[in-house]
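If you want the building blocks of each chain, they are given just below.
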Amino acid sequence: MLTIEHLSKSFGGVHAVQDVSFTAREGAIHSVIGPNGAGKTTLFNLVSGIYAPTSGRIMLNGEDVAGLAPDALARRGLSRTFQNLQVCMNMTAIDNVMVGAHLRLNQNLFASMLRLPAVRRMDVQCRAEAARLMEFVGVGAYKDADAGQMPYGALKRLEIARALAASPKILLLDEPAAGLNHTETGEIEELIRKIAQSGVTVLLVEHDMKLVMNLSEHILVLDYGKTLAVGTGAEVRANPDVIAAYLGAPA
Ligand SMILES: Nc1ncnc2c1ncn2[C@@H]1O[C@H](COP(=O)(O)OP(=O)(O)OP(=O)(O)O)[C@@H](O)[C@H]1O
């Protein structure tokens, strides 16, 4: 479904991602881990169309999508969340989720301005779907709330609902547990599992190792922009290079 081939990205003299290859299996949960500055965010930004690669290919369902903009990728079934919340606080929670659906829907501006019946019907459907997704991620109680009234943990879930509103086949989650307490992290773990069980391929960047190890079928470890190790949780945990990179000691 998603294959990254020899992907590299440099910023001037900084080689943030160097010759990274990776394949995501449909319906599975994959994680990208590595010490600070390893290149995880850059890799996510490449895959989600925020950066164009310096070299390499990003194949999504057989098409090279490297350099396509995020909205073009959303229409091809790839959406993401952000490490720092990208929720509009002056909008209602449900309107935030509906923004995600509009990435996918091909709305004619003229028809929208005239509020034609077909547009109104689509709006009603879109709102119902957004409400369903809010229930799915566990923030159904905030359907009528302004986003600004929601606690941080609920906003993290709201952002996931917005990404799901684009009906992705592959979902990139950038540090979904950042800033969450132990209980909330456990709940996010359950939610991510539920998303994968619904058939969505998940790609995760996360610093919480327990969450990564509990969830991931496959892990890519980056260090200084390069692939340090790949494998299952047990494999990467036992890898002396990975241990050295995290502890800062020679293997
Ligand atoms: N826009 C940019 N311009 C210049 N250098 C950048 C840019 N983005 C990232 N870098 C550099 O690329 C390297 C990889 O950074 P990146 O943010 O991808 O790492 P990371 O693994 O996500 O780190 P963290 O875990 O701290 O978020 C770092 O050396 C960083 O300083």
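Every value quoted in this text rests on a predicted model; they were computed, and no experiment measured them. (Residues numbered from 1 in each chain as written. Predicted model: local features only at pLDDT ≥ 70, side-chain atom pairs only at ≥ 80, totals over all residues.)

1. Quick look at helix α1 (residues 40–47)
Of all eight residues that make up α1, six are buried, and the element is covered over most of its length. The set of residues buried in α1 consists of Lys40, Thr42, Leu43, Phe44, Leu46 and Val47. Note on α1: the residue one or two positions beyond its end, Gly49, has a positive phi of about 85 degrees. (Buried ≥ 20, exposed ≤ 12 C-beta atoms within 10 Å, placed from the backbone. Helix = DSSP H or I, 4+ residues; strand = E, 2+ residues; numbered from the N terminus.)

2. Let's talk about the pairing of strand β10 (residues 226–231)
One ladder, built from five bridges, connects strand β9 (residues 218–223) with β10; its direction is antiparallel. Looking at β10, one finds that Leu220 is bridged to Val230. Taking the residues between adjacent antiparallel strands as the criterion, β9 and β10 are bridged by two residues, where Tyr224 takes a positive phi near 50 degrees. (Pairing = 2+ DSSP bridges.)

3. A few points about the nonpolar core
The biggest cluster of nonpolar side chains holds 70 residues, and the ones touching the most others in it are Val97, Met134 and Ala161. Inspection of this core shows a minimum of three residues originating in each of domain 1 (1–77 + 168–251) and domain 2 (90–162). The residues contacting Met134, other than those within four sequence positions of it, are Ala93, Ile94, Val97, Val139, Gly140, Tyr142, Lys143 and Ala161. (Core = buried A, V, L, I, M, F, W, Y, C linked by C-beta atoms within 7 Å. Domains from an automatic or database assignment. Contact = placed C-beta atoms within 7 Å.)

4. Things to note about the confidence of the model for the chain
With 92% of its residues at a pLDDT of 70 or more, the chain has an overall mean of 91. ipTM for the predicted complex: 0.95, alongside a pTM of 0.90. (pLDDT = per-residue confidence, 0-100.)

5. A word on the site of the ligand
Phe11, Val14, Ala16, Gly34, Asn36, Gly37, Ala38, Gly39, Lys40, Thr41 and Thr42 make up every residue found near the ligand. Among the elements of the structure, β2 (14–24) and α1 are those that each provide at least two residues to the shell around the ligand. (Near = placed C-beta within 6 Å.)

6. Comments concerning the domain arrangement of the chain
Many descriptions give the size of an interface as the accessible area lost when the pieces come together. Considered domain by domain, the chain is made up of domain 1 (1–77 + 168–251) and domain 2 (90–162). For domain 1 versus domain 2, the distance between C-alpha centres works out to 27 Å. Taken together, the nine residues of domain 1 in the interface contact nine residues of domain 2. For the side of domain 1 that touches domain 2, the secondary-structure elements that each account for two or more residues are α2 (70–75) and α7 (182–197).

7. Considerations on unusual backbone geometry
If you check the backbone angles, His6 has positive phi at about 45 degrees while not being a glycine. Phi at Glu175 takes a positive value of approximately 50 degrees, unusual for a residue other than glycine. Among the secondary structure elements, Glu175 is positioned in the loop between β7 (170–174) and α7. Overall, Glu175 belongs to the buried group, with 20 C-beta atoms counted inside 10 Å.

8. Re the sheet that holds strand β1 (residues 2–11)
Here we have four strands laid out as an open sheet, ordered β2-β1-β4-β5, and antiparallel in their pairing. Where the open sheet ends on each side, the last strands, each with one partner, are β2 and β5 (63–64). Bridging between β1 and strand β4 (residues 55–60) involves five bridges; their strand directions are antiparallel. If you follow Glu5 over to β4, its bridge partner there is Arg57. Running over the sheet, α1 touches β1, β2 and β4 and is turned about 60 degrees from β2. (Axes fitted to C-alpha atoms, helices over the stretch in contact; angles between N-to-C directions.)

9. Description of the sheet that holds β7
Spatial strand order, β6-β7-β8-β3-β9-β10: six strands in an open sheet with mixed pairing. At either margin of the open sheet sits one strand with a lone partner, and together these are β6 (78–80) and β10. Looking at each pair of strands side by side, their axes are set apart by 20 degrees on average, direction ignored. Strand direction decides the pairing type here: β6 and β7, joined by three bridges, are parallel. Across the sheet, Ser79 pairs through a bridge with Leu171, a residue of β7.

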